[in-house]
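Read off the chains here:
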Amino acid sequence: MEPAFAVLVGLFFAVSIYLMLSKHVIRILLGVAIFGNAVNLLIFTSGRVMREVAAIIPEGATTLTGPVANPLPQALILTAIVISFSFFAFLLVLAYRAYQELGTDDTDGMRVAEPEGEPLPPIGY
């Protein structure tokens, strides 16, 4: 099961990097969301994917007996999902406001600091 997740994580990372290199803000946001899911899946896979044995200490024992799934990556992923969702919602609102103000979602058209047709600043002094 882990090799299949490794391939899926690699595919998620490749797609997210491809989308983040785009010139359109919506594609960049989708790339960021997929990148967060790829990281979450990577952390989940590193914590051993096992559903047969729960991470519960049996009565009379002081430690776990045998290989079990690690609950710490699962707890980290639950926290990361909440944080990534709020981050994505913030970026989505930010992109929408930028679209309202500038009238475009193309990053080349969002050059407010360097408008087209203006002379270039001096190269040296």
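Note: the structure precedes this text.
The rules behind the values
- Residues numbered from 1 in each chain as written.
- Predicted model: local features only at pLDDT ≥ 70, side-chain atom pairs only at ≥ 80, totals over all residues.
- Heavy atoms only, no water.
- Salt bridge = Lys/Arg side-chain N within 4 Å of Asp/Glu carboxyl O.
- Helix = DSSP H or I, 4+ residues; strand = E, 2+ residues; numbered from the N terminus.
- Buried < 20%, exposed > 50% of the residue type's maximum accessible area, 1.4 Å probe, protein only.
- Patch = residues over 30% accessible without salt bridge, like charges linked within 9 Å, V, L, I, M, F, W, Y side chains within 5 Å.
- Areas by Shrake-Rupley, 256 points an atom, 1.4 Å probe, with all protein chains shown as cover.
- Axes fitted to C-alpha atoms, helices over the stretch in contact; angles between N-to-C directions.
- Parallel < 35°, antiparallel > 145°, perpendicular 65-115°, else oblique.
- Left-handed = near helix turned anticlockwise from the far one by under 90°.
- Nonpolar A, V, L, I, M, F, W, Y, C, P; charged D, E, K, R; others polar.
- Expected span 1.5 Å × (residues − 1).
- Contact = heavy atoms within 4.5 Å.

1. With respect to the pattern of salt bridges
So, point 1. One pass over the full model with this rule turns up two salt bridges.
So, point 2. Where Lys-23 meets Asp-108, a salt bridge forms, and the shortest distance between an N and an O atom there is 3.0 Å. Taken together, the residues span a long stretch of sequence, with Lys-23 in the loop between α1 (2–20) and α2 (25–46) and Asp-108 in the segment after α3 (71–102) at a distance of 85 residues.
So, point 3. Under the relative-accessibility criterion, Lys-23 is labelled partly exposed at 47%.
So, point 4. Of the residues examined, Asp-108 reaches a relative accessible area of 36% and is grouped as partly exposed.
So, point 5. We note a salt bridge from Arg-97 to Glu-101, for which the minimum N-O separation is 3.4 Å. With Arg-97 and Glu-101 both in helix α3 and four residues apart, this pair spans about one turn of that helix.
So, point 6. With relative accessibility at 43%, the residue Arg-97 sits in the partly exposed group.
So, point 7. By relative accessible area, Glu-101 is classed as exposed at 58%.

2. With respect to a nonpolar patch on the surface
So, point 1. Together, Leu-8, Leu-11 and Val-15 line one region of the surface with nonpolar side chains, adding up to about 220 Å² of accessible area.
So, point 2. Structurally, Val-15 can be placed in helix α1.

3. Considering the environment of Ala-89
So, point 1. In this structure, Ala-89 sits in helix α3.
So, point 2. Between the C-alpha atom of Ala-89 and that of Pro-71, which follows or precedes it by 18 residues, the distance is 28 Å.

4. A look at the packing of α1 against α2
When two helices pack together, their arrangement is given by the angle between their axes and by how far apart the axes lie.
So, point 1. Running from amino to carboxyl end, α1 crosses α2 at an angle of 160°, the nearest separation of the two axes being 8 Å. Here α1 is positioned roughly antiparallel relative to α2, judged by the angle of their axes. Two packed elements cross with a definite hand, and for α1 against α2 that hand is left-handed.
So, point 2. A per-class count over the contact of α1 with α2 returns 18 nonpolar, four polar and two charged.

5. Side note on α2
So, point 1. Here α2 spans 32 Å end to end across 22 residues, near enough to the 32 Å set by a 1.5 Å rise per residue.
So, point 2. Within α2, the full set of buried residues consists of Val-25, Leu-29, Gly-31, Ala-38, Asn-40, Leu-41 and Thr-45.
So, point 3. Among the structural elements, α1 and α3 are those in contact with the buried residues of α2.

6. Focus on the packing of α2 against α3
So, point 1. At a minimum axis separation of 10 Å, α2 and α3 run at an interaxial angle of 175°. As summarised for this structure, α2 and α3 are arranged roughly antiparallel, according to the angle between their axes. Residues Val-25, Leu-29, Val-32, Ala-33, Asn-40, Ile-43 and Phe-44 of α2 form the contact with α3, whose participating residues are Pro-73, Gln-74, Ile-77, Ala-80, Ile-81, Phe-87, Phe-88, Leu-91, Leu-92 and Ala-95.
So, point 2. The class makeup of the residues in the contact of α2 with α3 is 15 nonpolar, two polar and no charged.

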